[in-house]
Every structure is written in structure tokens, then in C-alpha cells.
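Summary of structural features
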Amino acid sequence: MERPLLGTPINVSALGGDGSRTTAIGVLHNVTHVYSGRAPGFVGEHLVKFARSVFYVKPDPVAYRKAETCLDGQGVVVIEGDRGTGRETDAYRLLAYRDREPDVHGGTLTLQQLPVDWDEPTTVGLPRILRGRFILDLSNEREVTESFARSLRSYGEELEKIHSMVVVIVTPLVWDRVRPMMESLTVSFDARPADEIMRAHLAYHGGDGRSRALLARNDVVSLMAELAGREASPAEAAEVAEKLSRGQAGDLELVIDECRRWGHYIGTQLGVREPDTADRRVLFVAAAALNGCSSEAVAAADASLGVALRLHSAPPFRVLETPGWTERTREIGATVRDDRTWMDDKRPGVDLAVIGWVYREHPGLRSALLKWLHGLVHAPATSPFTDRIAGVHAYLAAEFPAARLLDTAYGWLSKGAPDARLGYLILEKGLSDPSTEPLLRRKLWEWAYRGSVDAIPALARLCAEILGPRLPHASLGRLRHLIRGAEAAPQHCVAVAEALRVLARLDGLAGLVLEKAVDWAGDETSHVEGVRAVSALLDPRPRTSVLPDLLAAAQADLALRASLSRAWQILIGDESSRVEVTSMVRTLSRAWGDMGEEAIMLAKILLPAVREQLDGAGWAILDAMDLPMRTDVLLYAARHQRTVVATVAVETVAAWEFSPAVGVGAGVVGEVDSLTDNDEVR
């Protein structure tokens, strides 16, 4: 029996990972939405209300009771099902009603959607907090291993002991390998019928009066029957119901056509078998592809598509014998405004729906269509609209998920400017689309691991600028492989180093990036990549150097200070990097007088390396410093390292040639003497 959490507010913190658009469900108090530790937002309260309302369409009661039993007894349940079947809403409802202990301290329950920012699924680092309510969505993973499944069961047992629980969401493909061993913790909810979902959402969004009025319309009933007939997903049914609820009475026909993806309208334009309509159909497709672009570009695309489909190759003067542009665009339902041709003025989304219709209904034209779209970036009239062309490619990749479309875009990264820019824009848009992001994220790993070296700069940018802000750990995993690949193509090392700095400059990520680089360097299988990454982050020479930011942040962050110190030790201890380190230290020496507090912090960080030199071991890092920097660093070492032998310090200072500042050198010697004899070390 479900028991609401009466009187106990739930603080909802959803950590979106893997491009998830899902928002967490709980009660309506103190709701926060955070993406992988990034900028906060807010969860829509209507989603919270719906999951807990009477309009929620319940799944099979036997399976639901099994899910409750798993959570209450073992702290974990796995909901297996296809995307869009309501798994997340089911998870929110399950967790929102599992209040086994009274909240005697007046605190709040927490419902968190855990980020999946990793290279392989792992329970290491997942939270273990009292009375936690967690959702872990693994739908975008390739598969999970037996070892992860065992650790997941153990994780649930840990949570159960502290009155916490986790709902794991998977697809059949992801879960297939481990289903037999996890059968007792796995439930599958049948997809609820689309018409039931629509009725529930119409009643919820529009109220009884509005929903009755909509359900009395024949076209709405017909649309519901269509969705049920083709077994549309609950997610699509909910989206359609929300659009209908928002629509005005006079616009409902257009809203219904939009929900049908303009199938009737497109079929009228492209599906009829009338003679002498080829020119109109070609223009219809060209205008859809370049929706919102200049009329000159649309006309050029129209002409090139006709040639590509071998429909015509008339000389230019024949254009004067055809109807004018206004009449031709009116025939296809387009409008011309400010010398730009628009297909979607009155029909939102029809432009991309047209391209999708052609791609789906005419498989034999796919190669010709893609070749034509690619050719537009090379034509003078259409090349300024490369961003729009990339958007059409990205739409096709999302609507018809296939690695071939993404592999083609990747192949263009290694070519000249127009192709490389088109390929980059397609992949950039793909990483921002939840439909293609999981596949593209896996492809990025594959390309970074064994791809073309000529594509390394573009891939590094994608990882840092597009993937990094949402999934920094996944971004770093791919950048590590790109660093290794750049070893065979030194001309690309600068691009990868810059990508690391871009990622480190993102708010709150500098420490994470440096820590990862230090970890790589400490592992013999990735030592080279780690040293290169450390060098990129500590290098003061580039205009985009992140060293000043790291030094500033280290003032209040002891862990970052320790990582910086370790990073310098790694770099100084790597014989192959000594020329680079010498140049870096000399750059710091020249700027030493202007560094202020950062100079003191750097002296602290360099202390272990200086200690090694004063003890007679290690590379002479002091020899690379100019006089002011040497003096300050040595004085700091003398003040803070009591094991420094006075004679060693004095001999080291006295050996320097201070010309013309001999007095300064003598002063340093005297101060070192007094400091090493003084009991009070500052």
C-alpha cells in the first residue's frame, strides 16, 4: 500500500548526466536542479504533481509490488524497458512513496538523479548518505558487466542499512548480459497504452472541462486512435497531449497536423502522382533543407538538387520561361520575407519533417540526398549557410540513428576547410541532442582511441567545449587517448594541450583536470599522457595559460595545492621534459616581480623539488631561475623546511654569480644563516 510522505518535504536535487532531459519528481518544496555539479536550475513543479497525482497511469500491480519489495528489502531495484515507456516517472513515484522511517529530526528526504560521468559503469564514488533516494539511468551504456552487477547488488545492501535506496533504469540491450544473475532485482513494466496516457495528461493539463472538449473532437479522437494503432510510446503520447492542451481553439487543426509531423501536408506535396510536378517537388525539398536562408541560396539548391536527381539540367536562360519565385514558393506553401524563403512560418517543424519524409519513404534516394546536401557547402550561393546544412544532417542522424551518418561527418574532419567545418558542426549538434549523444559519445571514444591523426584537433575541441561542461570525466577519458595519438603527430600536440586548458578553465573543473593528469602520470600505462597533460596545465607561456588560475585557487584549496606540488615534481622528474621545464621556469622568472601572492604560492608548491636539490638529489631546478625568483624560493625553503642544512643552503647561494647584485647575495646568505639558527620558523 502506497503511503504519501505527509508533512515531510522532499528536497529534490537532480543531477542530469548523459544529456538527460529528465527532471526529478518529489514533493514541491526546495527543489533544485544541478547538472553534474554545474550551474543550478529548477525542476518544473507540474512534473512533481503529475507523478504523485491521480492521473498517473499505474503499471501492472504485480510488477510494481515486486519493485516496492526490492527497494524495501534490498535497497535497489532495476527497471528494465525501452526508452519513452515511463520508466523515469515510475522511478520517481516509487521513491517518493518509500518513507520507511519517520523524519523525527525535521530534515528533508533527497531524491537525486546520479550523474553517469564515467568511462565504464562503476559504483565507486556513488553516494552513501542516510535516507538517500537515488536514480541511476544506465540506458545510454553499451552494456554492463557481471562485476558491476555484483557491485550494484552490494551497493543496494549498503544503502538498505542506512535507510537509503536506488532505482536503476536500463534498456533490454544494456541489461541482457547480466539479467539472469539479477533477475530477482529486475522488473519490467509493460508500456501503458498511448490513448490512456493522452487522456490522463489532457485531464491533468487542461482540467475536466478542457479535456472533455478536446475528447469530443473527431480529429483528436482520430489522432489518439492513430497513436494507439502504431503503439506510440507513452513519452510521445504525453508530448502530444501537452501540445493539444496548450493550443488555442482556432489553431487546433495546425497543432494536430504538427503532432502528425505534417504527414498529410507533405504527402499532398510529394506523394501525389501528377504529371509535370517534378519542379515543384524539387523546390519543396530544397526550400525545406535551406529553410530561412536567402532566396538566392534556395534557388541555387533547387537547381543543384534537380541535377543531382537527374531531373533537369536546363541552361540558365530557361529560368525566364518558368513562373516567378513568388508564385513557385506559394505553390509549396512557403513564404518570402526580407529575401529569405521560409517553410515553417505557419507549420512549425515542417521543414525538417520534409527531409525526414524523403529519407524514410525513398531509401533509394538517400545517397543522392546526402551527396547533394554535402555539395551545398562548396557552392558559393549556399556555403554561407553551412550551419543550417549541418543542422539538417544532425536531424537525420537523430531521426534515423545510424553510425554511418556520424562516421561520414567524422571523415570530413580530416579534409579541407568547408568539409571540416561541416563535420564539426554536425558532431557538435549531435552531442547536444539527447537522441544522438549516447551513440556519439561512444563514437568519440572509438575515434580518439584509433582514429585518424588529422582529426585530433577537432575531436579535442569537441571533447573540451561540448562534452566537457556536462561530462568532464568522460571528456578527460577521450582527451587522454588524443594525447597519445598526438605523440605520432607532434603538430597536433598544441591543439590537445589547448583543449585541456579549455576544460580546466570551466568553472570548478581546474582541480579535477589537474588531479586526473597527475593520476595518469602515476600509472605506468598512461605515464606519457599524464606528463603531457601536466605540462599543458602548468605551462605559463601560452596566452591561455591556466597556471595563474590554479595558483589563485590553491590559496584556499589544500588538496589543489598538494596536486600542484605533485604535478611539478612529476614534470621536473621527467627527463624528456627538462628543456620544456627550463623554458617554463625562465618564463616564470621574468614575470616573478609582478606575480604577487601567486609567487608566494608557487614558492610553496615548488618546496619539495627545491628540498631535493638542497639535499643533493634531483635535477637542479634552481639553476633555471633568475636571481629574484631563486632568492625568494630559497628563503621560503629555509623558513619552512627545518631539515635544510645551513651550510648546504649557504654554499648553494654563495655559488651563484650575482653580478652586479653581490650585496643581495650576501644578504641572502646572512638571512639563511639566521633562519636556520632561529627556533621560530614562520
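Residues numbered from 1 in each chain as written. Predicted model: local features only at pLDDT ≥ 70, side-chain atom pairs only at ≥ 80, totals over all residues. Heavy atoms only, no water.

**What about the overall build of the protein chain?**
Helices and strands together make up the secondary structure of the protein chain, namely 32 helices and 10 strands. In the protein chain, which comprises 682 residues, the proportion classed as buried is 50%. Within the protein chain, contacts between residues at least 6 apart in sequence are counted, and of these 69% link residues at least 24 apart. (Helix = DSSP H or I, 4+ residues; strand = E, 2+ residues; numbered from the N terminus. Buried < 20%, exposed > 50% of the residue type's maximum accessible area, 1.4 Å probe, protein only. Contact = heavy atoms within 4.5 Å.)

**Some details on the side chain of Arg480**
Here Arg480 is to be found in helix H21 (residues 472-486). Excluding residues that lie within four positions of it along the chain, Arg480 makes contacts with Trp520, Ser526 and Glu529.

**As for the pairing of strand S4 (residues 76-80)**
The side chains of a regular strand alternate between the sheet's two faces. Among the 5 residues that make up S4, 5 are buried, leaving the element largely enclosed by the rest of the structure. Neither face of S4 is left uncovered, since the one carrying Val76, Val78 and Glu80 and the one carrying Val77 and Ile79 both have all their residues buried. The pairing of S4 with strand S7 (residues 165-170) spans 5 bridges and is classified as parallel. Paired with Val77 across the two strands is Val167, which belongs to S7. The pairing of S4 with strand S8 (residues 186-188) spans 3 bridges and is classified as parallel. (Pairing = 2+ DSSP bridges.)

**Description of the packing of aromatic side chains**
Across all of its chains, the model carries 4 aromatic pairs by this definition. Aromatic pair Tyr265 and Phe284: ring centres 5.9 Å apart, planes at 65°, arrangement edge-to-face. Here Tyr265 is found in helix H10 (residues 263-271), whereas its partner Phe284 is found in helix H11 (residues 278-289), with 19 residues between them in sequence. Taking the relative accessible area as the measure of exposure, Phe284 reaches 0% and is therefore buried. Between the aromatic rings of Tyr359 and Phe400, the centroid separation amounts to 4.9 Å while the plane-to-plane angle is 40°, which identifies the pairing as tilted. (Phe/Tyr/Trp six-rings, centres within 6.5 Å; stacked < 30°, edge-to-face > 60°.)

**Some points on the nonpolar core**
Ranked by size, the top nonpolar core spans 132 residues in total, and within it Ile266 and Trp568 carry the most contacts. The leading source of residues in this core is helix H20 (residues 456-467), at 9 residues. Discounting chain neighbours no more than four positions away, the residues touching Trp568 are Leu538, Leu547, Met584, Val585, Leu588, Leu602, Ile605 and Leu606. (Core = buried A, V, L, I, M, F, W, Y, C linked by side-chain atoms within 4.5 Å.)

**Observations regarding the pattern of salt bridges**
Evaluation of the coordinates by the stated rule reveals 29 salt bridges. We note a salt bridge from Glu226 to Arg260, for which the minimum N-O separation is 2.8 Å. Of this pair, Glu226 sits in helix H7 (residues 218-229) while Arg260 sits in the loop between helix H9 (252-259) and H10, and the two are 34 residues apart along the sequence. For Arg260, a relative accessible area of 29% gives the class partly exposed. (Salt bridge = Lys/Arg side-chain N within 4 Å of Asp/Glu carboxyl O.)

**Points about unusual backbone geometry**
Even without being glycine, Arg261 reaches a positive phi, approximately 60°. Relative to the helices and strands, Arg261 resides in the loop between H9 and H10. Located in the positive-phi region is Asp338, a residue other than glycine, with phi close to 55°. Along the chain, Asp338 turns up in the loop between strand S9 (335-337) and strand S10 (340-342).

**Details of the packing of helix H2 (residues 61-74) against helix H3 (residues 87-96)**
Following both chains from N to C, one finds H2 and H3 inclined at 55°, their axes separated by 11 Å at the closest point. As the angle between them shows, H2 and H3 are arranged oblique. Crossing geometry of H2 relative to H3 is assigned as right-handed. Packed against H2, whose contacting residues are Tyr64, Ala67, Glu68 and Leu71, the element H3 presents Arg93, Leu94 and Leu95 at the interface. (Axes fitted to C-alpha atoms, helices over the stretch in contact; angles between N-to-C directions. Parallel < 35°, antiparallel > 145°, perpendicular 65-115°, else oblique. Left-handed = near helix turned anticlockwise from the far one by under 90°.)

**Some points on helix H8 (residues 234-246)**
In this model H8 runs 18 Å from its N-terminal to its C-terminal C-alpha over 13 residues, within 8% of the 18 Å that 1.5 Å per residue would give. Burial in H8 covers these residues: Pro234, Ala237, Ala238, Val240, Ala241, Leu244 and Ser245. When H8 is viewed along its axis, its buried side chains cluster within an angular range of 160° and face the same direction. Contacts made by the buried residues of H8 are with helix H6 (194-215), H7 and H9. (Expected span 1.5 Å × (residues − 1). Arc of directions from axis to C-beta.)

**Some thoughts on the pairing of S7**
Counted residue by residue, S7 has 6 buried out of 6 residues, so it is predominantly covered. Side chains Met165, Val167 and Ile169 of S7 all project onto a buried face; the interleaved residues Val166, Val168 and Val170 project onto the opposite face, where all are buried too. Summarising the sheet, strand S6 (residues 132-137) and S7 pair through 5 bridges and their orientation is parallel. Bridging across to S7, Arg133 finds its partner in Met165.

**Points about the confidence of the model for the protein chain**
Low pLDDT marks stretches whose predicted atomic positions should not be read closely. Chain-level statistics for the protein chain give a pLDDT mean of 80 and a share of 80% at 70 or above. Below pLDDT 50 for its whole length, residues 1-45 participates in 122 contacts with residues either more than four positions away or in separate chains. Counting interchain partners and residues more than four positions distant, the pLDDT-below-50 stretch residues 643-682 has 47 contacts. (pLDDT = per-residue confidence, 0-100.)

**What to know about the side chain of Asp117**
Here Asp117 lies in the loop between strand S5 (109-113) and S6. We note that Asp117 is buried and unpaired, the nearest opposite charge coming from Arg478 at a distance of 7.1 Å. Separated by 2.8 Å, the side chain of Asp117 and the backbone nitrogen of His473 make a polar contact. When near neighbours in sequence (up to four residues on either side) are disregarded, Asp117 contacts Leu471, Pro472, His473 and Ala474. (Lys, Arg positive; Asp, Glu negative; His and termini not counted. Polar contact = N/O pair within 3.5 Å; in protein donor to acceptor, adjacent residues only side chain to side chain.)

**Here's the deal with the environment of Glu437**
Looking at the secondary structure, you find Glu437 in helix H19 (residues 437-450). The exposure class of Glu437 is buried, given its relative accessible area of 1%. Placed 39 residues apart in sequence, Glu437 and Ala398 show a C-alpha to C-alpha distance of 9.0 Å.

**Thoughts on the environment of Val336**
Here Val336 lies in strand S9. A relative accessible area of 39% means that Val336 is categorised as partly exposed. Along the primary structure Val336 and Thr326 are separated by 10 residues, whereas in three dimensions their C-alpha atoms are 7.3 Å apart.

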